[in-house]
Amino acid sequence: MPSPTVQSPVTQSPDIVCIGEPLFELNQAKGSEAFLPGHGGDTSNCAIAAARQGASVGYVTAVGADNFGQSFLDLWKKEGVDFSAVKIDPAAPTGIYFVTHGPEGHVFSYRRAGSAASRMTPEELSLGYIRDAKVIHTSGISQAISSQAADLVFKALKTAREAGVLVSYDTNLRLRLWPIERARAVIHAAAALADILKTSSDDAFELTGEKDADKIADFYLGLGPKIVIVTLGADGALVATKEKRMVIPAIPVKPVDATGAGDTFDGAFLTEYLRSRDAFAAARYANAAAGLATEGYGAVAPMPTRSDVEAALLNRK
């Protein structure tokens, strides 16, 4: 069992710092009764996806002093994700979720109430870890798990903004976690603090009432972000700034499980954007990474490496 303390003293910040909740995954393969163990949680997935693209990445969260929590510490160590800012809570569990697959796609069932991550408070946030990063990334899910988690995220966003650190936010709407009225208010308040905002056409319809991708982009650019990305499933992604917009097509893939694809997009996009400062080139790269992530089961296992993505961009046109 891990010690009920922060894993180690918080050290120099990585370039990308993700904030949220990891979830141990049990994923049922199509046609099978067995559930395969794995790891999930949107911002943890993003961190791992970025690390596989060669980025310097760290994670801010809490896990339980249980075997699931230890498995995450082992995973982050293996993947090269800094976990010096991860708290270990001896009084709360690590969250878990189940993935099943039906005619309409994957279905999630959660067991995360009272999880260690949901108990984190703004006072526990390492402000130096945020201020020294190049970009922080978080999501609507990170704020939906509890009111104090929402407050912690807002503190991180404001700290980053004051320090000139880029802010990336994914709407990642989960209406099982909170009512749409609160989700809309919190997500849009967070979006107003973001430099990079990613949403999906499905999320955006619930949040804004708009179906047209251009109108969705206009709405979110109006809140303040400099870059808005609207993912469109098999049709790719619309990338919009105030000066330019473009639909970046998806690469051809043979999808079996979309779990974690959007998170892979986030990690790949942030890695490439920090390298090139070109949102459109970064989205092209991220689209390819997300597509490859759908060709296997689970959130983490099928995430591609940089060499995988570069090969796909050359060969899958």
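Everything in this summary refers to the structure shown in the same document. The model shown is predicted, which means the values in this text are computed figures rather than measured ones. (Residues numbered from 1 in each chain as written. Predicted model: local features only at pLDDT ≥ 70, side-chain atom pairs only at ≥ 80, totals over all residues. Heavy atoms only, no water.)

1. Considerations on the overall build of the chain
Along the chain, the regular secondary structure elements total 11 helices and 14 strands. Taken against the 2.2 N^0.38 rule, which gives 20 Å for 317 residues, the C-alpha radius of gyration of the chain at 18 Å falls within 12% of a compact globule. For the chain, the spread of C-alpha atoms along the principal axes amounts to about 50 × 50 × 40 Å. By sequence separation, contacts in the chain at least 24 residues apart represent 72% of the contacts at least 6 residues apart. With the model as given, the accessible surface of the chain reaches about 13,000 Å², and the carbon-plus-sulfur share is 52%. Taking the average location of the 31 positive side-chain charges in the chain and that of its 36 negative ones, the two points are 2 Å from each other. (Helix = DSSP H or I, 4+ residues; strand = E, 2+ residues; numbered from the N terminus. Rg over C-alpha atoms; globule rule 2.2 N^0.38 Å. Contact = heavy atoms within 4.5 Å. Areas by Shrake-Rupley, 256 points an atom, 1.4 Å probe, with all protein chains shown as cover. Lys, Arg positive; Asp, Glu negative; His and termini not counted. Charge placed at Lys NZ, Arg CZ, Asp CG, Glu CD.)

2. Let's talk about the nonpolar core
Trp76 and Phe269 are the most contacted members of the largest nonpolar core, which totals 52 residues. No other element matches the 10 residues that helix H10 (residues 279–293) contributes to this core. Residues in contact with tryptophan 76, not counting those within four places in the same chain, are Pro22, Ser44, Ile48, Tyr59, Thr61, Val63, Val81, Phe83 and Val86. The next biggest cluster of nonpolar side chains, apart from the first, holds 45 residues, and it includes Ile130, Leu221, Val228 and Val230. (Core = buried A, V, L, I, M, F, W, Y, C linked by side-chain atoms within 4.5 Å. Buried < 20%, exposed > 50% of the residue type's maximum accessible area, 1.4 Å probe, protein only.)

3. Digging into the pairing of strand E9 (residues 135–139)
In terms of residue burial, E9 counts as a mostly covered element, since 5 of its 5 residues are buried. Along E9, one buried face is formed by Val135, His137 and Ser139 and the opposite face, lined by Ile136 and Thr138, is buried too. Sheet topology note: the strand E1 (residues 16–19)/E9 ladder contains 3 bridges and is parallel. Bridging across to E9, valine 17 finds its partner in isoleucine 136. Here E9 pairs with strand E10 (residues 166–170) via 5 bridges, running parallel. Its bridge partner being in E10, valine 135 is matched across the sheet by leucine 166. (Pairing = 2+ DSSP bridges.)

4. Re H10
A turn of α-helix holds 3.6 residues, and therefore any two residues three or four places apart point the same way. In a regular helix each residue adds 1.5 Å, so 15 residues correspond to 21 Å; H10 covers 21 Å between its end C-alpha atoms and thus fits that length. With respect to burial, H10 is a largely interior element, 13 of its 15 residues being buried. N-cap assignment for H10: the residue whose side-chain oxygen lies 3.0 Å from the backbone N of phenylalanine 280 is aspartate 278. (Expected span 1.5 Å × (residues − 1). Polar contact = N/O pair within 3.5 Å; in protein donor to acceptor, adjacent residues only side chain to side chain.)

5. Some details on empty space enclosed by the protein
Under the defined criterion, the tally for this structure stands at 2 cavities of 30 Å³ or more. Its boundaries defined by the atoms lining it, the largest cavity holds a volume of some 80 Å³. Lining the largest cavity, in full, are Ile19, Gly20, Val60, Thr61, Ala117, Met120, Ser142, Ile145, Ala149, Leu152 and Val153. Elements supplying a minimum of two residues to the lining of the largest cavity: strand E4 (57–64) and helix H5 (147–163). Examining the composition of the lining of the largest cavity, we find that 3 residues originate from one element, H5, more than from any other. (1 Å grid on protein atoms, 1.4 Å probe; cavity = no way out; pocket = protein on both sides within 12 Å on 5 of 7 lines; lining within 4 Å. Points joined across faces, edges and corners; volume = space filled by probe spheres on them.)

6. As for the packing of H10 against helix H11 (residues 306–315)
At their nearest, the axes of H10 and H11 sit 9 Å apart, and the two run at 105° to each other. The angle between H10 and H11 places the two elements in the roughly perpendicular class. Where H10 abuts H11, its residues Arg284, Tyr285, Ala288, Ala289 and Leu292 lie against Arg306, Asp308, Val309, Glu310, Ala312 and Leu313. Residues belonging to the contact of H10 with H11 are distributed by class as follows: 7 nonpolar, no polar and 4 charged. (Axes fitted to C-alpha atoms, helices over the stretch in contact; angles between N-to-C directions. Parallel < 35°, antiparallel > 145°, perpendicular 65-115°, else oblique. Nonpolar A, V, L, I, M, F, W, Y, C, P; charged D, E, K, R; others polar.)

7. A word on the side chain of glutamate 79
Mapping glutamate 79 onto the fold places it in helix H2 (residues 67–79). Ignoring sequence-local partners within four residues, the contact set of glutamate 79 consists of Ile48, Ala51 and Arg52.

8. With respect to the environment of alanine 91
Among the structural elements, alanine 91 can be located in the loop between strand E6 (86–89) and strand E7 (95–102). With 97 residues separating them along the chain, alanine 91 and histidine 188 place their C-alpha atoms 33 Å apart.

9. Looking at the packing of helix H6 (residues 180–191) against helix H7 (residues 201–208)
In the contact formed by H6 and H7, the axes pass within 9 Å of each other and the chain directions differ by 105°. Here H6 is positioned roughly perpendicular relative to H7, judged by the angle of their axes. On H7, the residues touching Ile180, Ala183, Arg184, Ile187 and His188 of H6 are Glu206, Leu207 and Thr208. Partitioning the contact of H6 with H7 into residue classes produces 4 nonpolar, 2 polar and 2 charged.

10. Digging into the pairing of E7
Sheet topology places strand E2 (residues 23–28) next to E7; 5 bridges connect them, and they run parallel. Its bridge partner being in E7, phenylalanine 24 is matched across the sheet by isoleucine 96. Pairing geometry for E7 and strand E8 (residues 105–111), over 7 bridges, is antiparallel. Note that in E8 the partner of threonine 100 across the bridge is valine 107. Hairpin remark: E7 followed by E8, antiparallel, with 2 residues in the connecting loop.

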